[in-house]
Amino acid sequence: MFHHSKDLQFNARVSKPDPIFANILLEQFGGENGELAAAMQYFTQAFGAKQPHPDKYDLLMDIATEEFSHLEIVGATIQMLLKGVNGELKDAADQSEIMQVLDGKATKENIIHEALRANPQFPIITGGGPTLRNSQGIPWCASYIHSNGDLTVDLRSNLASESRAKIVYEHLMKFTDDPYVKNTLSFLMTREIAHYNMFEAALNTIQPNFPPAVLQADPRYTQQYFNFSPENSFTGPWNEGVMPKTGKEWEFVADPVAFSKETVGLTELPDDKSAELAEAETLNAELSEVKSAEVKNAEPEGVAQWSDYDSVKS
């Protein structure tokens, strides 16, 4: 169940109206990297984690709920940045201000003009409030959500989501000079960093967690680095020395075209890695059984019940 407190998690404040920045801030209200997207992503991921990983279910639901609270902070800030728009529009009898805007005679200082210029939906559709659209008026879409049913995959998606949200807040702070708004954005940006650390710590408790999901990589095609842009090529730990996590050596393919021809499209390699391939197939079978049993063993027999109310009474 959800319990709503009318006090915000962070005391959002605004020193003056700014409809233009209010429109930009919609990116974190109804945009693909915004708070609603994060809340719904972690919320939907939690269902699959409930039985096999109840601790991660708790984590995902807690962070999802915090993201909803951040959505409220962003929405409240947008509403305050539109101070003056809502009240003026409620004066339906006096149309002189709006008519001036439509005639192009309003000054830059006119708040209605600013709102109309920033986002026509503010005065025309929402009456001076936030809406679940991004800064260009595109409605929020469920395709923003990444929930793939494997916790190691989902947690890595969450690391990327928190990274994107963090950089958006970082960019947003460049476009406002309101110290109160900057404080709010800094708080929200910092919580993205905190969530990143939480997800990374949770991922590390799942072993093995590489490669993502269950199946192992085909050892015949894991180590090659194909130098597809040979002019002024660069080397680094991504194509020379020991590969991360595997302990194997990178194989730098300087001429991918020639290599593909020599190996008949990578089907006749100098080393067929038969021993490693057999090992990978064994691991595939073992991990498949473990992952399957993990979920089956966590499912209750008989009537399924999501919550255990009896444990609370005792």
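If you're wondering where the values come from, they're calculated on a predicted model, not measured in any experiment.

Enquirer: Please explain the pattern of salt bridges as it appears in this structure.
Expert: Between side chains of opposite charge, pairing is possible as soon as their charged atoms come close. Counted by the stated rule, this structure contains eight salt bridges. Between Arg 191 and Glu 66 there is a salt bridge whose closest N-O contact spans 2.7 Å. With Arg 191 in helix α10 (residues 179–204) and Glu 66 in helix α4 (residues 54–81), the pair connects residues that are 125 residues apart, well separated along the chain. Where salt bridges share partners, they join Glu 251, Asp 271 and Lys 273 into one cluster.

Enquirer: Sorry if this is basic, but what is going on with the packing of helix α9 (residues 151–172) against α10 here?
Expert: Axis angle and axis distance: for two packed helices, these are the angle between their axes and the distance between the axes, and together they describe the pair. Two elements in contact, α9 and α10, have axes whose closest approach is 9 Å; the angle formed by their N-to-C orientations is 165 degrees. Overall, the two elements α9 and α10 adopt an arrangement that is roughly antiparallel. The two elements α9 and α10 meet at a crossing, and its hand is left-handed. Along the contact surface, α9 presents Thr 152, Leu 155, Arg 156, Asn 158, Leu 159, Glu 162, Ser 163, Ala 165, Lys 166, Tyr 169, Glu 170 and Leu 172, while α10 presents Leu 185, Leu 188, Met 189, Arg 191, Glu 192, Ile 193, His 195, Tyr 196, Phe 199, Glu 200, Ala 202 and Leu 203.

Enquirer: I tried to follow unusual backbone geometry on my own but got confused; where do I start?
Expert: Negative phi values dominate among residues other than glycine, just as trans dominates among peptide bonds. Here the bond from Gln 207 into Pro 208 is cis, since omega is -5 degrees, no more than 30 degrees from zero. Note that Pro 208 resides in the loop between α10 and β1 (224–226). Note that the residue after Phe 210, namely Pro 211, is joined by a cis bond; omega there is -5 degrees. Turning to its location among the elements, Pro 211 is positioned in the loop between α10 and β1. Residue Lys 245 is not a glycine yet carries a positive backbone phi of 70 degrees. Within the secondary structure layout, Lys 245 lies in the loop between β1 and β2 (251–253). Backbone geometry places Leu 266, a non-glycine residue, at a positive phi of 65 degrees. Relative to the elements of secondary structure, Leu 266 occurs in the loop between α11 (256–262) and α12 (274–298). Relative accessible area serves as the criterion here: at 19%, Leu 266 is assigned to the buried category.

Enquirer: Explanation requested: the packing of helix α3 (residues 35–49) against α4 in the structure shown.
Expert: Taken N-terminus to C-terminus, the directions of α3 and α4 make an angle of 160 degrees; their axes are 8 Å apart at the nearest point. As summarised for this structure, α3 and α4 are arranged roughly antiparallel, according to the angle between their axes. Between α3 and α4 lies a crossing whose hand is left-handed. In this structure, α3 uses Glu 35, Leu 36, Ala 38, Ala 39, Met 40, Tyr 42, Phe 43, Gln 45, Ala 46, Phe 47 and Ala 49 to contact α4, whose residues at the interface are Pro 54, Tyr 57, Leu 60, Met 61, Ile 63, Ala 64, Glu 67, Phe 68, His 70, Leu 71 and Val 74. Of the residues that constitute the contact of α3 with α4, the class distribution is 18 nonpolar, two polar and two charged.

Calculation notes
- Residues numbered from 1 in each chain as written.
- Predicted model: local features only at pLDDT ≥ 70, side-chain atom pairs only at ≥ 80, totals over all residues.
- Heavy atoms only, no water.
- Salt bridge = Lys/Arg side-chain N within 4 Å of Asp/Glu carboxyl O.
- Helix = DSSP H or I, 4+ residues; strand = E, 2+ residues; numbered from the N terminus.
- Axes fitted to C-alpha atoms, helices over the stretch in contact; angles between N-to-C directions.
- Parallel < 35°, antiparallel > 145°, perpendicular 65-115°, else oblique.
- Left-handed = near helix turned anticlockwise from the far one by under 90°.
- Contact = heavy atoms within 4.5 Å.
- Buried < 20%, exposed > 50% of the residue type's maximum accessible area, 1.4 Å probe, protein only.
- Nonpolar A, V, L, I, M, F, W, Y, C, P; charged D, E, K, R; others polar.

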